[in-house]
Amino acid sequence: MRSGLVAVAGRPNVGKSTLVNAICGEKVAITSTVPNTTRRRLFGVANGPDHQLVLVDLPGFQRPLDALTERMQQTVDSSFDDVDAVLLVVDARARIGAGDRFVARRVFALAKPVVIALNKIDRLKRGHVLSQMQVASGLGGFHALHPVSAKTKDGIGELRDDLVSLLPEGPAYFPREQTTDLTVEERVAEVIREKALHLTREEVPHALTVEVDELGERAIRANLYVETESQKGILVGKRGSMVREIGTRARPEVEALVGHPVFLELVVKVRPKWRRDPRMLERLGL
């Protein structure tokens with residue numbers, strides 16, 4: 001069989017995680033419109049009868065602003081060593097500019113096959129897509145360029161087949177039934193964080209992290225950490241309305257992950273400057 005690793009690279013918010021989910025055929029990474037939603041490296045596993053394609057979903061390339069974003073960028077920089085190819089994702093709805101060229105220079109310097117995915121083509125006119133394809137083609141000496149929509153799955157099959165063709169022959173990296181390397185606790189925490197990201201604005205999404213404190217048969221307890229009392233007030237909401245809504249939205253996905261109904265208890269706590277605390281980041285696996 002063919003098996004191997006493909007790093008997924010691009011600027012923040014170009015749809016890398018949504019694309020990984022589309023190729024894998026199920027949700028393995030959370031998504032939101034908030035830049036830098038992806039904070040850690042995770043593996044999304046796409047299994048076929050004669051292949052195992054392991055997609056390495058990475059944080060977006062960025063200039064580090066604190067200990068958290070510095071570790072995120074270090075994760076990106078160290079994740080290209082052992083991959084067989086790179087999937088470079090660009091946003092068809094945005095101007096392909098300096099940020100994309102910066103990422104492109106980094107990945108094309110690896111001397112490994114690069115496939116470009118021009119994402120978010122849904123609802124765009126054909127002429128605009130063709131124009132963006134022409135601009136994207138100037139990013140470097142690519143193996144292939146695919147216009148796709150991770151949202152509608154348009155072009156995903158062809159993109160997946162092309163990536164598989166670049167993999168060497170070898171054994172599977174993961175059991176056939178496994179679709180990600182994240183633990184159940186990590187996946188539950190990420191689902192809760194995703195729902196909070198969808199409901200909050202301004203500084204709260206960037207200052208928020210989630211840690212599962214207890215994963216029991218009947219109940220799951222998770223702590224939602226923010227950095228200030230004002231952020232806690234926003235996340236709790238009037239009479240607890242916001243945190244209840246987060247739990248309501250998260251519970252169906254959490255129950256699907258653990259395989260049975262659970263009581264989901266969410267507790268909001270203040271941890272000042274946790275993004276600058278190496279011990280806290282280590283504990284969270286970030």
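Residues numbered from 1 in each chain as written. Predicted model: local features only at pLDDT ≥ 70, side-chain atom pairs only at ≥ 80, totals over all residues. Heavy atoms only, no water.

1. Structural notes on the layout of surface pockets
Point 1. By volume, the largest pocket is sized at about 430 Å³.
Point 2. Asn13, Gly15, Thr18, Ser32 and Lys120 are the residues nearest the centre of the largest pocket, which is lined by 24 residues in total.
Point 3. Here the lining of the largest pocket is composed, by residue class, of six nonpolar, twelve polar and six charged. (1 Å grid on protein atoms, 1.4 Å probe; cavity = no way out; pocket = protein on both sides within 12 Å on 5 of 7 lines; lining within 4 Å. Points joined across faces, edges and corners; volume = space filled by probe spheres on them. Nonpolar A, V, L, I, M, F, W, Y, C, P; charged D, E, K, R; others polar.)

2. Some words on the packing of helix α6 (residues 184-199) against helix α9 (residues 241-258)
Point 1. Following both chains from N to C, one finds α6 and α9 inclined at 145°, their axes separated by 9 Å at the closest point. Relative to α9, α6 is oriented so that their crossing is right-handed. Together, Val184, Arg187, Val188, Val191, Ile192, Glu194, Lys195, Ala196, His198 and Leu199 of α6 and Met242, Glu245, Ile246, Arg249, Ala250, Glu253, Val254, Leu257 and Val258 of α9 make up the contact between the two elements.
Point 2. Partitioning the contact of α6 with α9 into residue classes produces twelve nonpolar, one polar and six charged. (Axes fitted to C-alpha atoms, helices over the stretch in contact; angles between N-to-C directions. Helix = DSSP H or I, 4+ residues; strand = E, 2+ residues; numbered from the N terminus. Left-handed = near helix turned anticlockwise from the far one by under 90°. Contact = heavy atoms within 4.5 Å.)

3. Let's talk about the environment of Thr18
Point 1. Along the polypeptide, Thr18 turns up in helix α1 (residues 16-24).
Point 2. Residue classification places Thr18 among the partly exposed residues on the basis of a relative accessible area of 29%.
Point 3. As a C-alpha pair, Thr18 and Ala29 span eleven residues in sequence and 7.4 Å in three-dimensional space.
Point 4. Aside from chain neighbours lying at most four places away, what touches Thr18 is Thr31 and Ala150. (Buried < 20%, exposed > 50% of the residue type's maximum accessible area, 1.4 Å probe, protein only.)

4. Here's the deal with the packing of α1 against helix α5 (residues 156-165)
Point 1. At a closest axis distance of 10 Å, the pairing of α1 and α5 adopts a crossing angle of 85°. Regarding the angle of α1 to α5, the classification is roughly perpendicular. In this structure, α1 contributes Leu19, Ala22 and Ile23 to the contact, and α5 contributes Ile156, Leu159, Arg160 and Leu163. (Parallel < 35°, antiparallel > 145°, perpendicular 65-115°, else oblique.)

5. What to know about the pairing of strand β7 (residues 209-215)
Point 1. Pairing geometry for β7 and strand β8 (residues 219-226), over six bridges, is antiparallel. Note that in β8 the partner of Glu214 across the bridge is Arg221.
Point 2. Between the antiparallel neighbours β7 and β8 lie three residues. (Pairing = 2+ DSSP bridges.)

6. Some remarks on the sheet that holds β8
Point 1. With respect to topology, three strands assemble into an open sheet ordered β7-β8-β9, the strand pairing being mixed. Looking at strand neighbours, the two that pair on one side only are β7 and β9 (263-270), the edges of this open sheet. In this sheet, neighbouring strand axes are inclined to one another by 25° on average, regardless of whether the strands run parallel or antiparallel.
Point 2. Packing against the sheet, α9 makes contact with β7, β8 and β9, and its axis sits at approximately 130° to β9.

7. Things to note about unusual backbone geometry
Of all residues except glycine, most have a negative phi; of all peptide bonds, most are trans.
Point 1. One non-glycine residue, Arg239, lies in the positive phi region at around 55°.
Point 2. Along the chain, Arg239 turns up in the loop between α8 (229-236) and α9.
Point 3. We classify Arg239 as exposed; its relative accessible area is 77%.
Point 4. In this structure, Lys273 is a non-glycine residue whose phi angle is positive, near 55°.

8. Considering the environment of Val114
Point 1. Mapped onto the fold, Val114 is located in strand β5 (residues 114-119).
Point 2. The class of Val114 is buried, set by a relative accessible area of 1%.
Point 3. Considered as a pair, Val114 and Trp274 are 160 residues apart in the sequence and their alpha carbons are 36 Å apart.
Point 4. If we ignore the near neighbours within four places in the chain, the residues touching Val114 are Val86, Leu88, Val107, Phe108, Phe142, His143 and Ala144.

9. Topic: the sheet that holds strand β2 (residues 42-48)
Adjacent strands of a sheet pair through backbone hydrogen bonds, lying either parallel or antiparallel.
Point 1. Within the open sheet, the six strands sit side by side as β2-β3-β1-β4-β5-β6. Their pairing is mixed. With one partner strand each, in any of the chains shown, β2 and β6 (144-147) form the two edges of the open sheet. Each neighbouring strand pair of the sheet contributes to a mean axis angle of 25°, computed without reference to strand direction.
Point 2. Relative to strand β3 (residues 51-57), strand β1 (residues 2-9) runs parallel, the two being bridged by seven bridges. Bridging across to β3, Arg2 finds its partner in His51.
Point 3. Against the sheet, α1 makes contact with β1, β2, β3, β4 (85-91) and β5, and its axis sits at roughly 165° relative to β3, the strand it touches most.

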